[in-house]
Amino acid sequence: MAKQINENKYSFVKYNYFKKEREAQDIELKFRDSELKAEKEKLNKIIYQSIVVIGFRI
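Report on the accompanying structure. None of the values given here were measured: they were computed from a predicted structure.

1. A look at the overall build of the chain
At step 1: What the chain contains, in helices and strands, is one helix and zero strands.
At step 2: Taken over C-alpha atoms, the radius of gyration comes to 25 Å for the chain, far larger than the 10 Å a tight globule of 58 residues would show.
At step 3: C-alpha extents for the chain along the principal axes are approximately 85 × 5 × 5 Å.
At step 4: When the 58 residues of the chain are sorted by exposure, 0% land in the buried category.
At step 5: Taking the average place of the 13 positive charges on the side chains of the chain and the average place of its 9 negative ones, the gap between the two points comes to 1 Å.

2. Details of the packing of aromatic side chains
At step 1: Under the counting rule described, the total for this entry stands at one aromatic pair.
At step 2: For the ring pair Tyr17 and Phe18, a centre distance of 5.4 Å and an interplane angle of 70° mean the geometry is edge-to-face.
At step 3: Accessibility expressed as a relative area gives 40% for Phe18, which makes it partly exposed.

3. Some details on the pattern of salt bridges
At step 1: Counted according to the given criterion, the structure contains three salt bridges.
At step 2: With its nearest N and O atoms 4.0 Å apart, the salt bridge here joins Glu23 to Lys20. In this pair, Glu23 and Lys20 both sit in helix H1 (residues 2–57), three residues apart, roughly one turn of the helix.
At step 3: Residue Asp33 is joined to Lys37 by a salt bridge in which the shortest nitrogen-to-oxygen separation is 3.6 Å. Taken together, the residues span about one helical turn, with Asp33 and Lys37 both in helix H1 at a distance of four residues.
At step 4: Given a relative accessible area of 39%, Asp33 falls into the partly exposed group.

4. As for a nonpolar patch on the surface
At step 1: On the surface, Ile47, Tyr48 and Ile51 cluster together into a nonpolar patch covering about 330 Å² of accessible area.
At step 2: Within the secondary structure layout, Ile51 lies in helix H1.

Rules behind the numbers
- Residues numbered from 1 in each chain as written.
- Predicted model: local features only at pLDDT ≥ 70, side-chain atom pairs only at ≥ 80, totals over all residues.
- Heavy atoms only, no water.
- Helix = DSSP H or I, 4+ residues; strand = E, 2+ residues; numbered from the N terminus.
- Rg over C-alpha atoms; globule rule 2.2 N^0.38 Å.
- Buried < 20%, exposed > 50% of the residue type's maximum accessible area, 1.4 Å probe, protein only.
- Lys, Arg positive; Asp, Glu negative; His and termini not counted.
- Charge placed at Lys NZ, Arg CZ, Asp CG, Glu CD.
- Phe/Tyr/Trp six-rings, centres within 6.5 Å; stacked < 30°, edge-to-face > 60°.
- Salt bridge = Lys/Arg side-chain N within 4 Å of Asp/Glu carboxyl O.
- Patch = residues over 30% accessible without salt bridge, like charges linked within 9 Å, V, L, I, M, F, W, Y side chains within 5 Å.
- Areas by Shrake-Rupley, 256 points an atom, 1.4 Å probe, with all protein chains shown as cover.

Here it is in structure tokens:
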């Protein structure tokens, strides 16, 4: 009986650890995705500004 209780506690802790690990990975992926989107927007802005400047010079 005690062995089963210990196994259940271990399984519970192990499950929660992996659940928290997945949540942390999801948060990091969302963070990286938002960083990439911000970088893409920044690059697009630079490209559009360059096109406008080149357009005025022609």
